[in-house]
Amino acid sequence: MEKIILASASPRRRELLSLITTDFEVITADVDETVDENETPENTVMMLSQKKAMAVSSLHKGRKVIGADTIVVCDGKILGKPVSRENAEEMLKMLSGRAHQVLTGVTITDGEKRETFFVSSDVTFFELTDEEIASYVESGEPDDKAGAYGIQGKGSLLVEKINGDYFNIVGLPVSMLNKKLGEF
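What counts and what doesn't
- Residues numbered from 1 in each chain as written.
- Predicted model: local features only at pLDDT ≥ 70, side-chain atom pairs only at ≥ 80, totals over all residues.
- Heavy atoms only, no water.
- Helix = DSSP H or I, 4+ residues; strand = E, 2+ residues; numbered from the N terminus.
- Rg over C-alpha atoms; globule rule 2.2 N^0.38 Å.
- Buried < 20%, exposed > 50% of the residue type's maximum accessible area, 1.4 Å probe, protein only.
- Contact = heavy atoms within 4.5 Å.
- Areas by Shrake-Rupley, 256 points an atom, 1.4 Å probe, with all protein chains shown as cover.
- Lys, Arg positive; Asp, Glu negative; His and termini not counted.
- Charge placed at Lys NZ, Arg CZ, Asp CG, Glu CD.
- Salt bridge = Lys/Arg side-chain N within 4 Å of Asp/Glu carboxyl O.
- Phe/Tyr/Trp six-rings, centres within 6.5 Å; stacked < 30°, edge-to-face > 60°.
- Arc of directions from axis to C-beta.

Chemist: Go over the overall build of the protein chain, please, and point to the residues and values.
Modeler: If you tally the helices and strands in the protein chain, you get 6 helices and 7 strands. Helices (α) and strands (β) of the protein chain occur, in sequence order from the N terminus, as β-α-β-α-β-β-α-β-β-α-β-α-α. For 184 residues, the compact-globule estimate of 2.2 N^0.38 gives 16 Å, and the protein chain sits close to it at 16 Å. Principal axes of the C-alpha set define a box for the protein chain whose edges measure 50 × 35 × 25 Å. Evaluated residue by residue, the protein chain yields a buried proportion of 46% over its 184 residues. Taking the intrachain contacts of the protein chain between residues at least 6 apart in sequence as the baseline, contacts between residues at least 24 apart amount to 67%. Total accessible area on the protein chain stands at roughly 9,300 Å², and carbon and sulfur atoms take up 47% of it. Across the protein chain, the 21 positively charged side chains and the 31 negatively charged ones have centroids separated by 6 Å.

This is how it looks when you write it as structure tokens:
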């Protein structure tokens, strides 16, 4: 059996998938990640994971491919990766002192059949001061992270509590993915 393909350049997803199997390789494809503002966050994250998986699968017929995408949602609004330091600060101010959702969509395909699902986890931030936000943004950690934070790094200091799968918040719901891979 050929190795599974992870259609993601994320080092965090690579690390998390290795909890399930070390028999995989990373192959990515450029896909348009533009989202439809009228679509639900749940459908959006599943659609993005499908785009990634299908783009790679089309070039590797018969191979099992996993695509994933993670978004942060606050008040029904999707918070993507910050485009600037100011944008990161705005996002963190929005999340300060409140709960938000982290959704990861996952698609497994072999080119013929396809399984797509999402997992949602709730994250509550402490009330953050402007100084705490500025210091965290200055660390550079928010730069490539949805919602402008990484729970597996210094962003963990912002989090008061979580409800749900921690690994989902990092970027890959490993227990659900393991279950779905076993059924695929």
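Chemist: So what's going on with the pattern of salt bridges? Residues and values would help.
Modeler: If you walk through the whole model with that rule in mind, you get 8 salt bridges. Residue Glu138 pairs with Arg85 through a salt bridge whose shortest N-O separation is 3.8 Å. One end of the pair, Glu138, is in helix α4 (residues 130-138); the other, Arg85, is in helix α3 (residues 85-95), with 53 residues separating them in the sequence. Take Glu138: its relative accessible area is 58%, and that puts it in the exposed class. Here the salt bridges do not stand alone but share partners, grouping Arg85, Glu138 and Asp143 into one network.

Chemist: Any chance you could break down the packing of aromatic side chains for me, citing the residues and the numbers?
Modeler: All told, the structure shown has 2 aromatic pairs when counted by the stated rule. With a centroid separation of 4.8 Å and 75° between ring planes, the pair formed by Phe125 and Tyr149 is classed as edge-to-face. Of the two residues, Phe125 sits in strand β6 (residues 114-125) while Tyr149 sits in the loop between α4 and β7 (159-163), which places them 24 residues apart along the sequence. For the residue pair Phe125 and Tyr149, the accessibility class agrees, reading buried in each case. A ring pair is formed by Tyr166 and Phe167, whose centres lie 5.5 Å apart and whose planes are at 70°; its orientation type is edge-to-face.

Chemist: Account for α3, naming residues and giving values.
Modeler: Buried within α3 are the following residues: Asn87, Ala88, Met91, Leu92 and Leu95. Looking straight down α3, one finds its buried side chains confined to an arc of 135°; they lie on one side. Across α3 from its buried face, at more than 90 degrees, point the exposed residues Glu86 and Glu90. As for α3, its buried residues are in contact with β3 (65-74), β4 (77-79), β5 (99-109), β6 and α4. Phi turns positive one or two residues past the end of α3, at Gly97, with a value near 75°.

Chemist: Please set out unusual backbone geometry residue by residue, giving values where relevant.
Modeler: At Asp75, a residue that is not glycine, the phi angle is positive and equals roughly 55°. Checked against the element boundaries, Asp75 lands in the loop between β3 and β4. On the accessibility criterion, Asp75 (61% relative accessible area) is exposed. Phi at Ala148 takes a positive value of approximately 70°, unusual for a residue other than glycine. Mapped onto the fold, Ala148 is located in the loop between α4 and β7. A relative accessible area of 0% places Ala148 in the buried class.

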